[in-house]
Amino acid sequence: MATAETRQAAVLGIDPEAIEAALAKDMTFPARWYSDPAIYDFELERIFTRAWQLVGSLDRVSRPGDCMVGNIGHVPVIVTRGLDGDLRGFVNVCRHRAYPVATADGNRKTLQCFYHGWTYKLDGSLHNAPRAGREACFDKSEFGLVPISVDTWDEFVFGNPDPDARSLRDTHPEFEPMLAERGLSFAGYEHHSSYSYEIAANWKVMVENGTECYHCPTVHKSSFSDAFEVDADVYEYVNRGQMLGQFTQYNPKPKRHPSDARASEKAFRFTYVWPSTFLAQDDYTAFTGVLTPTGPETCLFSGDFFAHPEADPKVIEDWIEMWNETFAEDVVAVAIQQPGLRSRMVPHGRLMPASESAISRFHRMVWEAMVEALDG
């Protein structure tokens with residue numbers, strides 16, 4: 001008799017033994033997984049509703065009454081600083097008919113859905129529902145906002161749609177030690193600007209692109225590769241738990257990007273935190289990035305740039321130009337790649353683990369989440 005696990009796997013067209021065999025041989029996921037709507041929906045439900053993701057800067061909710069809106073995967077969220085000073089998070093969906101209770105950051109004493117006027121306190125409880133008195137057996141206590149878990153690190157707020165999730169540090173015990181060891185901290189850096197890129201590729205394609213630099217010498221010749229050393233003997237990958245790190249030195253002979261006395265041995269330090277958060281820093285700039293799936297073959301990459309206050313402003317502008325150029329090159333590269341995956345004519349790619357160990361680990365993380373979901 002078929003179990004619930006085998007039935008779910010059959011519905012998704014997954015052969016667990018075949019996937020295990022492919023991963024063991026350094027093969028990629030099936031090409032179908034990068035465009036199949038059923039796989040996409042399964043990932044949204046079983047990965048993005050159960051994972052920690054960067055929501056935004058802590059200074060956006062520094063005062064009582066501050067509210068910050070964002071998304072965790074497909075889930076709209078809002079983080080509030082209550083009038084009691086406590087930080088809380090909720091699904092940004094009115095319990096009446098799914099309108100958001102806030103459409104932008106702000107400072108307020110209540111949250112109100114402007115569709116029909118349902119009003120909530122900053123602790124998520126329903127304060128007022130117009131005409132509720134006309135309804136029999138309407139209990140306001142049953143219709144508070146759906147809570148999410150919130151946590152903080154450094155200058156940032158993280159959220160998890162699972163209200164019973166373990167803390168960020170318990171979920172990722174390697175997180176703080178690795179960042180402290182590598183000197184990755186945004187403390188003292190000042191917000192410079194924001195960015196947003198719409199990407200014509202599956203979210204997994206963009207994660208794979210962002211966690212390896214095998215492509216840097218060809219795709220980023222005058223951008224990232226001019227700023228940093230990308231030689232295989234220098235470029236370092238550190239994969240710990242559900243974090244994928246990359247570290248390298250400055251390019252000693254840049255053609256476009258200047259170097260100065262501030263350049264340290266730390267240079268470029270980067271980490272990807274499962275499933276969709278990116279943190280990167282050097283001596284001049286830093287950036288956060290969040291990857292949001294928007295469809296089976298589309299995603300959004302957005303975040304913020306930060307600048308070191310002691311760095312030369314001209315260097316800052318040049319460095320951020322370099323980052324935007326690098327991002328734009330990646331957007332083009334993965335968009336060109338996506339049709340090849342969609343064709344399914346090459347069912348599996350072959351990874352190069354010496355240069356793409358992070359992708360191998362990422363594939364294991366995705367597969368582990370899927371197996372856990374199938375088992376559940």
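Here, the structure is the one placed above.
To keep things clear, this report deals only with the structure shown in the data block. All values reported here derive from a predicted model rather than from experimental measurement.

Criteria and cut-off values
Residues numbered from 1 in each chain as written. Predicted model: local features only at pLDDT ≥ 70, side-chain atom pairs only at ≥ 80, totals over all residues. Heavy atoms only, no water. Pairing = 2+ DSSP bridges. Helix = DSSP H or I, 4+ residues; strand = E, 2+ residues; numbered from the N terminus. Axes fitted to C-alpha atoms, helices over the stretch in contact; angles between N-to-C directions. Contact = heavy atoms within 4.5 Å. Patch = residues over 30% accessible without salt bridge, like charges linked within 9 Å, V, L, I, M, F, W, Y side chains within 5 Å. Areas by Shrake-Rupley, 256 points an atom, 1.4 Å probe, with all protein chains shown as cover. Salt bridge = Lys/Arg side-chain N within 4 Å of Asp/Glu carboxyl O. Buried < 20%, exposed > 50% of the residue type's maximum accessible area, 1.4 Å probe, protein only. Polar contact = N/O pair within 3.5 Å; in protein donor to acceptor, adjacent residues only side chain to side chain. Parallel < 35°, antiparallel > 145°, perpendicular 65-115°, else oblique. Nonpolar A, V, L, I, M, F, W, Y, C, P; charged D, E, K, R; others polar. Left-handed = near helix turned anticlockwise from the far one by under 90°.

This part takes up the sheet that holds strand S15 (residues 277-281). As summarised here, the arrangement of the seven strands in space is S11-S17-S16-S15-S14-S13-S12, forming an open sheet in which the pairing is antiparallel. Taken across any chain shown, the strands that pair with only one partner, and hence form the sheet edges, are strand S11 (190-199) and strand S12 (236-240). Neighbour-to-neighbour, the strand axes of the sheet open up by a mean angle of 15°, direction not taken into account. For strand S14 (residues 268-273) and S15, the ladder comprises five bridges, and the chain directions are antiparallel. The residue of S15 that forms the bridge with tyrosine 272 is phenylalanine 278. Contacts between helix H5 (residues 175-182) and the sheet are confined to S12, strand S13 (243-248), S14 and S15, with S13 contributing the most and set at about 5° to the helix.

For the rest of this paragraph, the subject is a nonpolar patch on the surface. Taken together, the side chains of Tyr99, Phe114 and Tyr115 present a nonpolar region at the surface, about 370 Å² in accessible area. Looking at the secondary structure, you find tyrosine 99 in the loop between strand S4 (87-91) and strand S5 (106-107). Residue classification places tyrosine 99 among the partly exposed residues on the basis of a relative accessible area of 34%.

Here we come to the side chain of serine 276. Tracing the chain through its elements places serine 276 in the loop between S14 and S15. The buried category is assigned to serine 276, whose relative accessible area is 0%.

Here the residue pair tryptophan 274 and proline 275 is connected by a cis peptide bond, since its omega of 0° sits within 30 degrees of zero. Structurally, proline 275 can be placed in the loop between S14 and S15. With a phi close to 65°, aspartate 26 is a non-glycine residue in the positive phi region. We note that arginine 344 has phi near 60°; this positive angle belongs to a residue other than glycine. Along the polypeptide, arginine 344 turns up in the loop between helix H9 (313-343) and helix H10 (353-375).

Quick look at the pattern of salt bridges now. Going through the model one piece at a time under the given rule, you end up with 14 salt bridges. Across the salt bridge formed by glutamate 176 and arginine 169, the nearest N and O atoms sit 3.1 Å from each other. Taking relative accessible area as the criterion, arginine 169 reaches 30% and is therefore assigned partly exposed. With a closest N to O distance of 2.8 Å, glutamate 236 and arginine 182 form a salt bridge. Residue glutamate 236 is found in strand S12, and its partner arginine 182 is found in helix H5; the two are separated by 54 residues along the sequence. Bridged by salt links that share partners, the residues Glu181, Arg182, Glu236 and Arg240 form one connected network.

Right, let's talk about the environment of aspartate 139 for a bit. Within the element layout of this structure, aspartate 139 appears in the loop between strand S8 (126-128) and strand S9 (147-153). Counting along the chain gives 13 residues from aspartate 139 to leucine 126, while the straight-line C-alpha distance between them is 9.7 Å. Separated by 2.7 Å, the side chains of aspartate 139 and serine 141 make a polar contact.

Where helix H3 (residues 37-48) contacts H10, the two axes come as close as 10 Å, and the packing angle between them is 80°. With respect to H10, the axis of H3 lies roughly perpendicular. Residues Ile39, Phe42, Glu43, Arg46 and Ile47 of H3 touch H10, and the partners they reach there are Val366, Ala369, Met370, Ala373 and Leu374. Of the residues assigned to the contact of H3 with H10, the class counts are eight nonpolar, no polar and two charged.

What follows deals with the sheet that holds strand S10 (residues 156-160). Taken in spatial order, the seven strands line up as S1-S10-S9-S4-S3-S2-S5 in an open sheet, and their pairing is antiparallel. Both outer strands of the open sheet, strand S1 (53-57) and S5, are each paired with one neighbouring strand and no more. In this structure, S1 lies alongside S10, joined through four bridges in antiparallel fashion. Along S10, the bridge assignment pairs glutamine 53 with glycine 159.

Here the focus is the packing of helix H6 (residues 203-210) against H9. At a minimum axis separation of 10 Å, H6 and H9 run at an interaxial angle of 130°. The orientation of H6 relative to H9 falls into the category oblique. Crossing hand, H6 versus H9: right-handed. Mapping the contact onto sequence places Val205, Met206 and Asn209 in H6 and Asp330, Val334, Gln337, Gln338 and Leu341 in H9.

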